[in-house]
Amino acid sequence: MCSQPATMAPETTDGLRELLVTYARHGTPTSVAIVGNAPMPPDPARAAAIDAADLVVRMTSFAMDAPDQPPSLGRRCDVVVVHRGVLASPYTFADYPSRLYLLVEPGRLHWEPEKLPKWWPADLGFVPVSNWRYTVPMLHLLGLDPAQEVWPTTGTLITYVMTELFPTATVLLTGMSIVDEPDQVTFRHAWGEPVKVTPEHRLSAEAELLRRWHASGRIRLLP
């Protein structure tokens, strides 16, 4: 496994760190909540911790708590991470003028086309997440070969990005079922039908890395 630097200097980030800061509540975030798509049981403490973070990041076909539901996943969203094959939920593009949209495209290293889905909002821009700066180093951390058609899930990749860009922040991670279920063959979502785990993912390697990051304090896993 190739070793990688623990952090990047801000000047190497192409302005992504500075852009993210403008979407945080109070300048440079001291806390970041990353919320995956797994269904989670009601937990007011978890929902409160998510909504109290300086920056809240959600992904793809995510769900949020409705006013008439018991608190579970929180109700704030500052950053949305999507990919070209996203199955949009009613929350994905809701209130999109107030959010930052990051596009992860690890498949562009291989065969993924550049074309956006036809239903993408015509007036919505996005910021690509660099494969060179993030996806390839992430693959090395997972012990995977970037020349092979394998890449991390969106949740693990964006966790790497956020911990690289904000190394002193408390990074809370929740809604990531792979940590406890690395052998699953379908992803259950808080919104929508389950989807198959596609063959490019190596969930066991991701789960091991996330648990290691939790043990080292790089992230904090919220049950």
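Remember, predicted model here, so these are calculated numbers, not experimental data.

Rules behind the numbers
- Residues numbered from 1 in each chain as written.
- Predicted model: local features only at pLDDT ≥ 70, side-chain atom pairs only at ≥ 80, totals over all residues.
- Heavy atoms only, no water.
- Helix = DSSP H or I, 4+ residues; strand = E, 2+ residues; numbered from the N terminus.
- Rg over C-alpha atoms; globule rule 2.2 N^0.38 Å.
- Buried < 20%, exposed > 50% of the residue type's maximum accessible area, 1.4 Å probe, protein only.
- Contact = heavy atoms within 4.5 Å.
- Areas by Shrake-Rupley, 256 points an atom, 1.4 Å probe, with all protein chains shown as cover.
- Phe/Tyr/Trp six-rings, centres within 6.5 Å; stacked < 30°, edge-to-face > 60°.
- Lys NZ or Arg CZ within 6 Å of the ring centre and 35° of its normal.
- 1 Å grid on protein atoms, 1.4 Å probe; cavity = no way out; pocket = protein on both sides within 12 Å on 5 of 7 lines; lining within 4 Å.
- Points joined across faces, edges and corners; volume = space filled by probe spheres on them.
- Nonpolar A, V, L, I, M, F, W, Y, C, P; charged D, E, K, R; others polar.
- Pairing = 2+ DSSP bridges.
- Axes fitted to C-alpha atoms, helices over the stretch in contact; angles between N-to-C directions.
- pLDDT = per-residue confidence, 0-100.
- Parallel < 35°, antiparallel > 145°, perpendicular 65-115°, else oblique.
- Core = buried A, V, L, I, M, F, W, Y, C linked by side-chain atoms within 4.5 Å.

Let's talk about the overall build of the chain
Thought 1: When its secondary structure is counted, the chain shows five helices and nine strands.
Thought 2: In terms of overall dimensions, the chain is globule-like: its C-alpha atoms have a radius of gyration of 16 Å, near the 17 Å expected for 223 residues.
Thought 3: Dimensions of the chain, computed from C-alpha atoms along their principal axes, come out at roughly 50 × 40 × 35 Å.
Thought 4: Per-residue burial over the chain gives 51% buried out of 223 residues.
Thought 5: At a minimum sequence separation of 6, the contacts of the chain that also span at least 24 residues come to 63%.
Thought 6: Put simply, the chain shows about 10500 Å² of open surface, and 55% of that area lies on carbon and sulfur atoms.

Focus: the packing of aromatic side chains
Thought 1: Using the criterion set out here, one finds three aromatic pairs in the structure.
Thought 2: Taken together, a centroid distance of 6.3 Å and an interplanar angle of 15° make the contact between Tyr160 and Trp213 stacked. One end of the pair, Tyr160, is in helix 4 (residues 154–165); the other, Trp213, is in helix 5 (residues 203–216), with 53 residues separating them in the sequence. As far as the burial class goes, Tyr160 and Trp213 line up, both buried.
Thought 3: Taking NZ or CZ as reference, Arg218 lies 4.4 Å from the ring centre of Trp213, over its face.

Things to note about the layout of surface pockets
Thought 1: Reported here for the largest pocket is a volume of approximately 780 Å³.
Thought 2: Along its surface, the largest pocket is lined by 35 residues, and Thr60, His83, Thr154, Phe187 and His201 are the ones closest to its centre.
Thought 3: Contributing elements (two or more residues each) for the lining of the largest pocket: helix 4 and strand 8 (195–196).
Thought 4: The class makeup of the residues in the lining of the largest pocket is 14 nonpolar, 15 polar and six charged.
Thought 5: Taken together, 15 residues make up the lining of the second largest pocket; nearest its centre are Met40, Met176, Ser177, Asp180 and Leu222.
Thought 6: Taken together, the residues that form the lining of the second largest pocket break down as nine nonpolar, three polar and three charged.

Overview of the sheet that holds strand 4 (residues 100–103)
Thought 1: With respect to topology, seven strands assemble into an open sheet ordered 5-4-3-2-1-6-9, the strand pairing being parallel. Across the chains shown, the open sheet's two edge strands, defined by having one partner strand only, are strand 5 (127–128) and strand 9 (220–221).
Thought 2: As defined by bridge partners, strand 6 (residues 170–174) adjoins strand 9 across two bridges and the pair is classed as parallel. Bridge pairing in strand 9 links Leu172 to Arg220.
Thought 3: Against the sheet, helix 1 (residues 16–23) contacts strand 2 (55–59), strand 3 (79–82), strand 4 and strand 5, and its axis sits at roughly 145° relative to strand 4.

What about the confidence of the model for the chain?
Thought 1: Overall, the predicted model of the chain reaches an average pLDDT of 90, with 94% of residues at or above 70.
Thought 2: In the predicted structure, residues 1–12 sits below a pLDDT of 50 and forms 20 contacts with residues beyond four places in sequence or in another chain.

Some thoughts on the packing of helix 3 (residues 131–141) against helix 4
Thought 1: At their nearest, the axes of helix 3 and helix 4 sit 10 Å apart, and the two run at 105° to each other. One way to sum up the angle between helix 3 and helix 4 is to call them roughly perpendicular. On the side of helix 3, the interface is formed by Arg133, Tyr134, Thr135, Pro137, Met138 and Leu141, while helix 4 contributes Thr156, Leu157, Tyr160, Val161 and Leu165.
Thought 2: For the contact of helix 3 with helix 4, the class distribution of residues is eight nonpolar, two polar and one charged.

Some thoughts on the nonpolar core
Thought 1: By size, the foremost hydrophobic cluster in this structure holds 43 residues, and its most contacted members are Leu20, Ile34, Val57, Leu102, Ile158 and Met162.
Thought 2: It is helix 4 that provides the largest number of residues to this core, a total of six residues.
Thought 3: Leu102 has contacts with Leu16, Leu20, Val79, Val80, Val81, Val82, Val127, Val129, Ile158 and Met162, leaving out every residue within four places of it along the chain.

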